[in-house]
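Close look at the chain arrangement
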Amino acid sequence: MTELISHPATSDAAQADEWHQSACILCECNCGIEIRLGDDRRSFQRIRGDKAHPGSLGYTCEKALRLDHYQNGPHRITTPMRRRPDGTYEPVDWDTAITEVAAGFKRIRDAHGGASIFYYGGGGQGNHLGGRYGAATQAALGVVYRSNALAQEKTGEAWVNGKMIGGLVRSDLEHTEVAVFLGKNPWQSHGFPHARTTLKEISRDPARSMVVIDPRTTETAELADFHLALRPGTDAWCLAALAAVIVQEDLVDRRWVAEHAIGLDTVEPALAAIDVDAYSAICDLDPDLVRRTARRIATASSVAVFEDLGLQMGLNSTLCTYLGKFLWTLTGNFAKPGAQYIPTSMANLGGLGRVKPQPGDTRPPKVSPVIGAPIITGLVPCNVIAEEVLADHPGRYRGMLIESANPVHSLADSPQWRAALAALEFSVVIDVAMTETAQLADYVLPASSQFEKWECTFFNFEFPHNVFQLRPPIVDPLPGTLAEPEIHARIVEAIGALDGIDLQPLRHVAAANRPAFAAAFTTFMSEHPDLAGLTPVILYRTLGPSLPGDAAAAALLWGAAQGCAQLFRPGVEAAGYHGEGSELGDNLFDAIISSPSGVTFTADDYDAAWSRVRTPGGMIHLANERMLDAMRELADTPPPGSDPHYPLVLSAGERRSFTANTIFRGPEWRKRDRAGALRVSSVDAADLGLAEGDAAMITTKRGSARVLVEISPTMRAGHISLPNGLGVTELPGGFIVGVAPNELTSSDHRDPVAGTPYHKYVPARLVRLAPASSTPGDRTTVDR
C-alpha cells in the first residue's frame, strides 16, 4: 500500500500509466474510482470507475470525472489565517494558531461553560474520518451542543424510524419489483449503487414498475410507470390517500402485519376515514391514478421506497416520512429481497462523535438551550442555530468551531447566519478553502484535501453485503496544510486535556504487538475513564504511528472495526473474517488498511434485518399519535399555495448535471447553465411575459435576487426551481454564477417536529426585468 503514496523508484513512463484507488466524494454512493495523475503529480489527468471496488464494481457517474476542479481549483488556503480588527486576514504559523485557538476556546469555556461553545460540521459529503477526531476537541472543551448537515435533511426521518422500527431503514432497489421514489430524482442525485443502471433496468422490465411522486417531470419521472406530478406542498395529502386506498380496498398484508407489527387497530380507522377523491383533488391528481398506484404497490411481491430531499425539505416533512412508511409496512415489505432493511454500519451516523453532558447530567440534552428545539440523534436543528446565537439569553452560543462545513452558504437564511457569525465572541473554521463562512471567522485552519490524506465515508448502507473503503492519499498535501486528526490532536494538547498523561507506554506496545495493545489500551482506559471522550486522539498518538503507510489517521478505525466485529459478529464472520475476542476486529482492520479498493465487511441474510429492530418486543410500531393527529388535521387544513402575494412555489437547490455543493469553488467545471437559471413552466412564463433567457426578479419573504429564466417542460404551473448557485463570480450583464438559494430562505420556515427547513416549498413571486441595455447583442442569455 505504501506504493500508492510514494514512488521514488518508479520511472516517468510507469508513473504516467499508474492508477490510484480512491472514491467519488460528491454524494452518498461513494463510488470507487481510479485516478491517473498528470506529469506534475498533482493534477487529475483521467478518472474512471474502479472495477475492484466491491460495491460500485466500476460504476461511477459523470460528477466524479470533474474532481480535479475540487483538488486543484483556485480555492485552497495553505496557511492558518487570523482575522484582524478591520476584518482583513493575516497569515500566522501553526504553533501560534493552535495556541491562540486553544486559548480562545478556553476563555469562552471558563467564562460561560462548555455548553456555550457550539460544534458544527465534522466531515464533508463522503469525507468523515477527520471529523470523528473532532469529538476529542469537543470533549476537551466540554461541548454539549452540536449539529451537521444531517439536521437539515434527515432528522425527521430518523425521528420516525426511531419510534417505528428503532434503526436506519434503507431500500433494496436493485432487486425490487416496484421502486417508489418520494421527492427523489436518483438520475441526478444517485444515492444508491449503480443508480442509472438500476433505473434503466426497472424501466425496461415489463414485470417491474417505478413510481415517482414529484411535482417536476424529472429524468427519473420520465422513466416511471406511475408519475404522480402533484401540486407542490401536497405530499402529505397524496401519501395519506395512497395509504387510505390500501386500507379501504383491504390490500393490507394482515398476516404479515399481525406477526411483525403493532398498532394497526389505531392506524386503520384513521386511514379508513380519508376521502381519497378530495385529497387527490387537493394534490391536483386524478383519483384513479392514485388508486391504481396504491394497488400496484400493495399487490407487488416486493416494494422498495426511497425518500429524499424533495420530501424531507418540503411542507409537513416529518408527517410525510411517517405516511410514506405505510407503503411498505402495511404491505409486508421488510427483511426480504427487494424490500426495506436495516444495514450494518462501521460507525454511528447519529452524529460525528458523542455529546458530553454538562456536569451533573447523566444524559445529553433533549432540547436546545434557548428556544427548546428538539434534539434528534444528538443534533440541534440547523434552522435554530443562528437564532440561538443572536438571542439575548444566558444560554446562547458564544463560540463556534466549524469543520468542513459552510453554514453561511448551505443553511437557511444566509443574512441571519452572517449576523450570527459577527455576534460570536470567538469562531474557528477548519476547511480546505476560504469559504463564505471562513471569511467571517476569527481563525481559519487549512486542512489537507480529501485526496491528500487518509479518508473514508461512514455512509455504508449496502445490503446484504456491506462495503467499506479506507482511501489512501494519492497526492502530497499542499505545504502548510494539515489533516484534521493532527489539527485536533494539537488543539486537545494545547487545551491541556492530556497534561500529566503518559502515552509513551501505549505507543511502545502498539509498535511491538497490536493484540497486546488491545489489552493495554483497555486497561489504560479503565484506569482513566475521564479520558473516554479523548479516545480518538489517544489512538492517533499511540496506535497511529505504528500503522503502515503513514496511516496514523486510520487509528480510529481500529476501534470502529472492534465495535463492528462485536455488534455484527455473524455478518463479519460470513464476510470471511475470523478470530476470537479482539482478534476478529484486528483481522477486519488489517483487511481495511491493506485494501485500497475497499472490502466487504459484513455479509447478511435478509432475515438479519430483524435483529436490528430496536423497539420493545422487536415489532414495527405503526401507531404514532402525534403523527396520526397531524394526519387527521389535514382534512381541515387549507391547501397550500393560497397566498396571493407569493403565488409561486420555489424549490431551492435543485440537483442538476452541472451543479453540486460548494466544494467546487469556481464556475469553470460548469459546461452548461453556468448562470444557474431559474426554471419556469411555459404557462407561468406566458402569464408573466417571460421569454427564454429573460432577466427576472425573484422575491421571497426573506429577500430578492436577479435571475435568468429557463422555460422548462419539466416544471408544472406554479412551480419554479433554482439550483445551488455559487453567488461569487460575475458574468456579463451583471449576473453572478447562480443565485445562492439561502439568500432567499428563512430560518423560521421549518418543520414543527424536526426543525428541518422547507427549502422545497418557498413561497415566491417573479417579475420580468427590463433589459439593462437596448444595444443589440447586449442581452444576457442562458448558456445552454
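Just so we're clear, the structure is a prediction, and the values are computed from it rather than from any experiment.

How each quantity is defined
Residues numbered from 1 in each chain as written. Predicted model: local features only at pLDDT ≥ 70, side-chain atom pairs only at ≥ 80, totals over all residues. Heavy atoms only, no water. Helix = DSSP H or I, 4+ residues; strand = E, 2+ residues; numbered from the N terminus. Contact = heavy atoms within 4.5 Å. Polar contact = N/O pair within 3.5 Å; in protein donor to acceptor, adjacent residues only side chain to side chain. Core = buried A, V, L, I, M, F, W, Y, C linked by side-chain atoms within 4.5 Å. Buried < 20%, exposed > 50% of the residue type's maximum accessible area, 1.4 Å probe, protein only. pLDDT = per-residue confidence, 0-100. Phe/Tyr/Trp six-rings, centres within 6.5 Å; stacked < 30°, edge-to-face > 60°. Arc of directions from axis to C-beta. Axes fitted to C-alpha atoms, helices over the stretch in contact; angles between N-to-C directions. Parallel < 35°, antiparallel > 145°, perpendicular 65-115°, else oblique. Left-handed = near helix turned anticlockwise from the far one by under 90°. Nonpolar A, V, L, I, M, F, W, Y, C, P; charged D, E, K, R; others polar. Salt bridge = Lys/Arg side-chain N within 4 Å of Asp/Glu carboxyl O. Pairing = 2+ DSSP bridges.

A few points about the environment of Ile375
Tracing the backbone through its elements, the reader meets Ile375 in the loop between β14 (340–341) and α16 (382–390). Spatially, the C-alpha atom of Ile375 lies 38 Å from that of Glu222, the residues being 153 residues apart in sequence. Apart from the residues lying within four places of it in its own chain, the contact partners of Ile375 are Tyr145, Pro365, Lys366, Val367, Ser368 and Val380.

Quick word on the side chain of Ser712
Along the polypeptide, Ser712 turns up in the loop between β26 (704–711) and β27 (719–723). One polar contact links Ser712 to Thr714, side chain to side chain, over a distance of 2.7 Å. Aside from chain neighbours lying at most four places away, what touches Ser712 is Arg679, Val680 and Ser681.

Here we look at the nonpolar core
In this structure, Leu470, Ile538 and Leu557 are the most contacted members of the largest nonpolar core, which totals 92 residues. One finds Val169, Phe226, Trp328 and Ile376 within the second-largest nonpolar core, a separate group that totals 73 residues.

What to know about the environment of Leu67
On the secondary structure map, Leu67 appears in the loop between β3 (44–49) and α2 (68–71). In this structure, the C-alpha to C-alpha distance between Leu67 and Ser43, residues 24 residues apart in sequence, is 9.9 Å.

Some details on the confidence of the model for the protein
Here the protein averages 90 in pLDDT, while 90% of its residues score no lower than 70. Residue range residues 351–362 is modelled with pLDDT below 50. Its contacts to residues more than four positions away, or to other chains, number 32 contacts.

Things to note about the packing of aromatic side chains
Tallied over the entire structure, the rule returns 19 aromatic pairs. Arranged with centres 5.9 Å apart and planes meeting at 85 degrees, the rings of Phe521 and Trp558 form a pair that is edge-to-face. Pair noted here: Phe521 is in helix α21 (residues 514–527) and Trp558 is in helix α23 (residues 555–567), with a separation of 37 residues, a long-range link. Classification of Trp558 by relative accessible area gives buried; the value is 5%. An aromatic cluster of three or more residues is present, and its members are Trp256, Trp328, Phe334 and Trp610.

Re helix α18 (residues 414–423)
Within the sequence span of α18, burial applies to Ser414, Gln416, Trp417, Ala420 and Leu421. Looking straight down α18, one finds that the buried residues subtend no more than 150 degrees of arc, so they occupy a single side.

Quick look at the packing of helix α9 (residues 235–248) against helix α15 (residues 317–329)
One way to put it is that α9 packs onto α15 with a least axis distance of 9 Å and a crossing angle of 25 degrees. One element, α9, and the other, α15, form an angle in the roughly parallel class. Judged by the sense of rotation from one axis to the other, the crossing of α9 with α15 is left-handed. From α9, Asp235, Ala236, Leu239, Ala240, Leu242, Ala243 and Ile246 reach across to α15, where they touch Leu319, Cys320, Leu323, Gly324, Phe326 and Leu327. Here the residues of the contact of α9 with α15 are counted per class, giving 11 nonpolar, 1 polar and 1 charged.

Regarding the packing of α9 against helix α11 (residues 264–272)
Two numbers describe a pair of packed helices, the interaxial angle and the distance between the axes. Look at α9 against α11: their axes get within 8 Å of each other, and the N-to-C directions meet at 110 degrees. As summarised for this structure, α9 and α11 are arranged roughly perpendicular, according to the angle between their axes. Counting all contacts with α9, which are made through Ala240, Ala243, Ala244, Val247 and Gln248, the residues of α11 involved are Glu268, Leu271 and Ala272. A breakdown of the residues in the contact of α9 with α11 according to their chemical character gives 6 nonpolar, 1 polar and 1 charged.

What about the pattern of salt bridges?
Considering all chains together, one arrives at 34 salt bridges under this definition. Of the charged contacts in the structure, one is a salt bridge between Arg514 and Asp586, with a shortest N-O distance of 3.9 Å. Of the two residues, Arg514 is situated in helix α21 and Asp586 in helix α25 (residues 582–593); the sequence distance between them amounts to 72 residues. Exposure remark for Asp586: the relative accessible area of 6% places this residue in the buried category.

Digging into the sheet that holds strand β15 (residues 399–403)
With mixed pairing, 7 strands are arranged side by side in an open sheet as β5-β4-β17-β16-β15-β6-β7. Strands at the two margins of the open sheet, each flanked by one partner only, are β5 (89–91) and β7 (145–147). On average, each strand axis in the sheet is tilted by 15 degrees relative to the strand beside it, whichever way the strands run. Looking at chain direction, β15 and strand β16 (residues 426–431) are connected through 5 bridges and run parallel.

A word on unusual backbone geometry
Omega for the bond connecting Phe463 with Pro464 falls within 30 degrees of zero, at 5 degrees, which places this linkage in the cis form. The phi angle at Asp250 is positive, at roughly 55 degrees, despite the residue not being glycine. Mapped onto the fold, Asp250 is located in the loop between α9 and α10 (254–260). At Ala335, a residue that is not glycine, the phi angle is positive and equals roughly 60 degrees. Take Ala335: it is sitting in the loop between α15 and β14. Ala335 gets classed as buried once you look at its relative accessible area, which sits at 6%.

What to know about the environment of His194
When you line up the elements, His194 lands in the loop between α6 (186–189) and α7 (195–204). Note on His194: relative accessible area 18%, which makes it buried. It is 7.4 Å that separates the C-alpha atoms of His194 and Thr60, two residues lying 134 residues apart in sequence. If we skip the residues at most four places from it in the chain, His194 touches Gly55, Ser56, Leu57 and Tyr59.

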